[in-house]
Structures are given as structure tokens and as C-alpha cells.
Amino acid sequence: MAPPGPPPAPPAPAPSAAGGIPGAIPLFAYYGGERSIVNKDRFIIGRGKQSSDLTIKDPNVSRQHAMVEYLNGQYYMVDMGSTNGVEFNGQRITRKAIGEGDSYRICDHEVRFSYR
């Protein structure tokens, strides 16, 4: 009989949870063919490279245009007082809970969200 091998390694964390908000269901933002994980309680979307977590290169987008806020177990899309606003289904919003597959328009740019 062969001697026992090394003990099994502990399970790796699920890839979707890596880098997210501790204890939160991971949320992903899809923009320009890229996927970003929302990894902060206040995830900023805007034109500013240094001041944004998701950068949209467009002069019509404010430096800090919108944010995804995680509050009381729910993610929200919040307009940060931008000039051109944030739209959902053609309607301008100031704050809205994010559902699976929701797409928001920031000027001429679409950002889609998924929990998968």
C-alpha cells in the first residue's frame, strides 16, 4: 500500500468573487468589450483617468459622471450631478437599483451590468 500523499489543497475562491466587495454578490460592468468588477462601495464612472474606476474617453462625459454604490446589500446606479445625465430605458435617472442585465446610457455610451 502506498503512503498517503499530501493533504488536499483548500478550495480556491470562486473566480467571480475575486476582488469584489467582501460579503457582496459580485457585480460586473461591461463597457467597450471589457469586463470590470465593481470592487468598491463607490465605483466611479467618468472621463477622469485618475478619478474614475471605469473611464469613458468622451468630452461630453463628466470627470466623475456616475457611480455604482453598494448600500445595504444592493447596488445602485447614481448620477453624480453630471450635465448630460444617466439614462435607463430612455428615461433620465438620478438613482436606480441595478438589476441583472440592466444597461445604462452615459452620453452615447452603454454600460451593461451582470451578476454573472
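This text follows the structure it describes.
If you're wondering where the values come from, they're calculated on a predicted model, not measured in any experiment.

### With respect to the pattern of salt bridges
- Scanning all chains against the criterion turns up five salt bridges.
- With a shortest N-O distance of 2.6 Å, Lys40 and Asp53 are connected by a salt bridge. Separated by 13 residues along the polypeptide, Lys40 in the loop between strand E2 (34-37) and strand E3 (42-46) and Asp53 in the loop between E3 and strand E4 (54-55) bring together distant segments of the chain.
- Given the relative accessible area of 39%, Lys40 is considered partly exposed.
- A salt bridge links Arg105 to Glu110; its shortest N-O distance comes to 3.8 Å.

### Let's talk about the side chain of Ser62
- Structurally, the position occupied by Ser62 is in the loop between E4 and strand E5 (66-71).
- The class for Ser62 is buried, based on a relative accessible area of 19%.

### So, the pairing of strand E10 (residues 103-106)
- Only one face of E10 is buried: it carries Tyr104 and Ile106, and the other face, with Ser103 and Arg105, is open.
- Bridging between E10 and strand E11 (residues 109-114) involves four bridges; their strand directions are antiparallel. Bridged to Arg105 within E11 is Glu110.
- Taking the residues that link successive antiparallel strands as the turn, the E10-E11 hairpin has two residues, and the phi of Cys107 there is positive, at about 55°.

### Re the sheet that holds strand E6 (residues 74-79)
- The strand order across the open sheet built from five strands is E4-E3-E5-E6-E9, with neighbouring strands paired in mixed fashion. The sheet is open, and its two borders are formed by E4 and strand E9 (95-97), each paired with just one other strand.
- Both E3 and E4 contribute to a ladder of two bridges, which runs parallel. Bridge pairing links Gly46 to Thr55 in E4.

### Side note on the pairing of E2
- Where strand E1 (residues 28-31) lies against E2, four bridges are found, and the strand directions are antiparallel. Bridge pairing in E2 links Phe28 to Ile37.
- Taking the residues that link successive antiparallel strands as the turn, the E1-E2 hairpin has two residues, and the phi of Gly32 there is positive, at about 60°.

Calculation criteria
- Residues numbered from 1 in each chain as written.
- Predicted model: local features only at pLDDT ≥ 70, side-chain atom pairs only at ≥ 80, totals over all residues.
- Heavy atoms only, no water.
- Salt bridge = Lys/Arg side-chain N within 4 Å of Asp/Glu carboxyl O.
- Helix = DSSP H or I, 4+ residues; strand = E, 2+ residues; numbered from the N terminus.
- Buried < 20%, exposed > 50% of the residue type's maximum accessible area, 1.4 Å probe, protein only.
- Pairing = 2+ DSSP bridges.

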